Amino acid sequence: MTNVLNLIGGERVGDPQVARRNPADPGDVVAVTPSSDASVVDAALTAAAEAQAAWAATPAPARGAILLDAADLLRSRHSEVASDLSREEGKTFAEATGEVRRAIDVLRFFGSLGWRGSGEVLPSALPGTTVFTRREPLGVAALITPWNFPIAIPAWKLAPALVTGNAVVVKPAELTPLSVAHLTDALVEAGLPAGVLNVVHGKGSVVGDALARDERVAALSFTGSTGVGLGLHRILSDRRARVQLEMGGKNAYLILDDADPLAAAKVVAAGAFSLTGQACTATSRVYCTPGLREAFLDALAKEAESYVMGPVVSEQQLAVDVAAIETARAEGATIVSGGAAPTGQFLRPTVLTGLTHESSVVRDEVFGPVVAVLGVDSYEEGLARVNDSRYGLTAGICTRDLTIAHHFAAHAQVGVVKVNRPTTGLDLNVPFGGVKDSSSNTFREQGTAALDFYTWSKTVYLGHE
Ligand code: NAD
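These notes cover the structure that comes with them. Everything numeric in this text was worked out from a predicted model, so none of it was measured. (Residues numbered from 1 in each chain as written. Predicted model: local features only at pLDDT ≥ 70, side-chain atom pairs only at ≥ 80, totals over all residues. Heavy atoms only, no water.)

### Let's talk about the overall build of the chain
Assigned secondary structure in the chain consists of 15 helices and 22 strands. On C-alpha atoms alone, the chain measures out to a radius of gyration of 23 Å, which is about the 23 Å that the 2.2 N^0.38 rule sets for 465 residues. Structurally, the chain occupies a C-alpha span of about 75 × 65 × 40 Å along its principal axes. In the chain, of all internal contacts separated by at least 6 residues, the share reaching a separation of at least 24 is 74%. Accessible area of the chain: about 18,200 Å², with a carbon and sulfur share of 53%. A gap of 2 Å separates the mean positions of the 39 positive and 50 negative side-chain charges of the chain. (Helix = DSSP H or I, 4+ residues; strand = E, 2+ residues; numbered from the N terminus. Rg over C-alpha atoms; globule rule 2.2 N^0.38 Å. Contact = heavy atoms within 4.5 Å. Areas by Shrake-Rupley, 256 points an atom, 1.4 Å probe, with all protein chains shown as cover. Lys, Arg positive; Asp, Glu negative; His and termini not counted. Charge placed at Lys NZ, Arg CZ, Asp CG, Glu CD.)

### Description of the nonpolar core
Residues Leu-107, Leu-158, Leu-162, Val-168, Leu-187 and Leu-197 are the most contacted members of the largest nonpolar core, which totals 57 residues. When residues of this core are assigned to their parent elements, the largest contribution, 9 residues, is made by helix 5 (residues 152-163). Judged by nonpolar contacts, the second largest core, of 30 residues, contains Ile-325, Leu-355, Val-370 and Val-376. (Core = buried A, V, L, I, M, F, W, Y, C linked by side-chain atoms within 4.5 Å. Buried < 20%, exposed > 50% of the residue type's maximum accessible area, 1.4 Å probe, protein only.)

### Some words on the site of the ligand
The local shell around the ligand holds 28 residues, among which Thr-145, Glu-174, Ser-225, Met-247 and Glu-365 are the closest. Here Glu-174 contributes a side-chain N or O atom positioned 2.7 Å from an oxygen atom of the ligand. Look at the ligand: alone it shows 840 Å² of surface, and the protein chains cover 87% of it. Of all the secondary-structure elements, those providing two or more residues to the shell around the ligand are helix 7 (204-213), strand 11 (219-223) and helix 8 (226-238). Top contributing element to the shell around the ligand by residue count: helix 7, with 4 residues. Tallied by class, residues from the shell around the ligand come to 14 nonpolar, 9 polar and 5 charged. (Near = heavy atom within 4 Å. Polar contact = N/O pair within 3.5 Å; in protein donor to acceptor, adjacent residues only side chain to side chain. Nonpolar A, V, L, I, M, F, W, Y, C, P; charged D, E, K, R; others polar.)

### Observations concerning the sheet that holds strand 5 (residues 25-33)
Strand order in the open sheet formed by 3 strands is 1-5-4, and the pairing between neighbours is mixed. With partners counted over all chains shown, the strands left at the sheet margins are strand 1 (2-3) and strand 4 (18-22), one partner each. Helix 3 (residues 78-89) rests against strand 4 and strand 5 of the sheet, and its axis sits at about 110° to strand 5. Helix 6 (residues 177-189) contacts strand 1, strand 4 and strand 5 of the sheet and is inclined by roughly 45° relative to strand 5. (Pairing = 2+ DSSP bridges. Axes fitted to C-alpha atoms, helices over the stretch in contact; angles between N-to-C directions.)

### Looking at the packing of aromatic side chains
Enumeration over the complete set of coordinates arrives at 6 aromatic pairs. For the ring pair Phe-443 and Phe-453, a centre distance of 5.4 Å and an interplane angle of 70° mean the geometry is edge-to-face. Here Phe-443 is found in the loop between strand 21 (435-436) and helix 15 (449-453), whereas its partner Phe-453 is found in helix 15, with 10 residues between them in sequence. Residue class for Phe-443 comes out partly exposed when judged on its relative accessible area of 22%. Its relative accessible area of 0% is what places Phe-453 among the buried residues. Centroid distance Phe-453 to Tyr-454: 4.8 Å. Interplanar angle 85°. Geometry classified as edge-to-face. Like Tyr-454, Phe-453 is buried. In textbook terms, an aromatic cluster arises when at least three aromatic residues are bridged by ring pairs, as seen for Phe-443, Phe-453 and Tyr-454. (Phe/Tyr/Trp six-rings, centres within 6.5 Å; stacked < 30°, edge-to-face > 60°.)

### Some points on the state of the cysteines
Using the criterion set out here, one finds 0 disulfides in the structure. Cys-288 supplies the cysteine sulfur nearest to Cys-398, a cysteine that is in no disulfide, at a spacing of 9.4 Å. (Disulfide = S-S within 2.5 Å.)

### Overview of unusual backbone geometry
For Thr-276, which is not glycine, the phi dihedral falls at a positive 55°. Along the polypeptide, Thr-276 turns up in the loop between helix 9 (261-273) and strand 14 (283-288). A residue is classified by how much of its surface remains accessible, and Thr-276, at 1% relative accessible area, is buried.

### A look at the pairing of strand 7 (residues 129-137)
A regular strand places its side chains on the two faces of the sheet in alternate fashion. Two strands pair when backbone bridges link them, and strand 6 (residues 121-122) and strand 7 are joined in this way by 2 bridges, in the antiparallel orientation. By the bridge assignment for strand 7, Val-121 is matched with Phe-132. Two successive antiparallel strands, strand 6 and strand 7, enclose a turn made up of 6 residues, where Gly-128 displays a positive phi of approximately 60°.

Right, here's the structure in full:
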């Protein structure tokens, strides 16, 4: 068991009270954290505001070097961190190892961008005048993160915020405090000055809400559920602070008659069941044209039966998953594979058919290893079904027809399109985000696009004659 304290102005403080248990082994207490109140948020913001100017004045390559050193420290502790992440969140050791690797690579990517120029030089109509732009840090950024990628998401928010000269306050998900502690410990050990990075543990409705309402927070980046995100959007918009929200999904896959049914089943299973279906990009509804439906469903059932998954993250999430399957059954679903009978906190990958497009499991996010397969008569009907959702994060299509693939890429109303690849999984250098109720659709995360959120552009006229 590890006490995971708040980090305020370089000091580890707080009274550990709230225990996080291993979802695969409830006797194993993984971490104990404080349940902070608004006064701790105030102290964290004071520390961040005091430290920010000196950090912004530190040359960008020196800021980046700290991220690169932190990456090396995490690399040296790779298996310990992956093991803690797996104990805390429940993903398999292989998945946890991949996620820690991702956090290391994110630190390396953004660390090296400390050497990259920013801004541009532009011609002016005035004689003897040069115009250029500068990217300035915003000041203090608040980062509110979910439990499902407990080290990668904090890393992909922290790294661009820090390398561009901002100070930050992180509010990690209550279920996964230890993974983020490994990341912040590495940054502190690598030499990040006190106050530049602060962490406050506690309830979202207390700590997260206080961060959102504080005038000192110039920007808030949030990943989590749509309900919470939309509430934060109202608060931030009212005071015209910058906001980036990545929220829920109901990601669809379209399988056309010309696809290979086995390959399509593997793509759908990877998207639906990896990370126990607890990915915002998880495939949760599939539309299949008639010629392939039977072969695809057989292949998907076989994939589901052999899939190895970790436990569901919490009893509360398990209850949501089980209720979704029970409701689907009451609405007339046939359970092709899996079902609502957990062993401890472990569910089996579940494939449902016999539902209509209006069924709740087809319309609402479950956030578990549950996928519904429905029939459509044509590509056009499938595309319309894919787009008939309040969400718009990712969508995929299995086809060998390039013309249709391009049409789908142009017309799917989502932030990420995958052709013959799972809806989950993106490279760290590509822009990531959604549309509709999946995102504020303001600024993209990841890649160099992430730098835009954490900076503002200033135009400078330099007369020199
Ligand atoms: P959540 O919304 O319950 O919590 C996310 C974070 O917000 C946590 O740190 C939580 O403490 C905090 N929070 C809760 N209430 C708050 C409030 N009133 N004010 C401020 N902060 C508050 O989400 P979760 O259960 O941790 O994560 C699962 C959800 O996240 C799913 O809906 C999933 O689709 C989404 N998600 C989206 C992405 C994406 O990139 N689009 C990625 C991962 C997860």
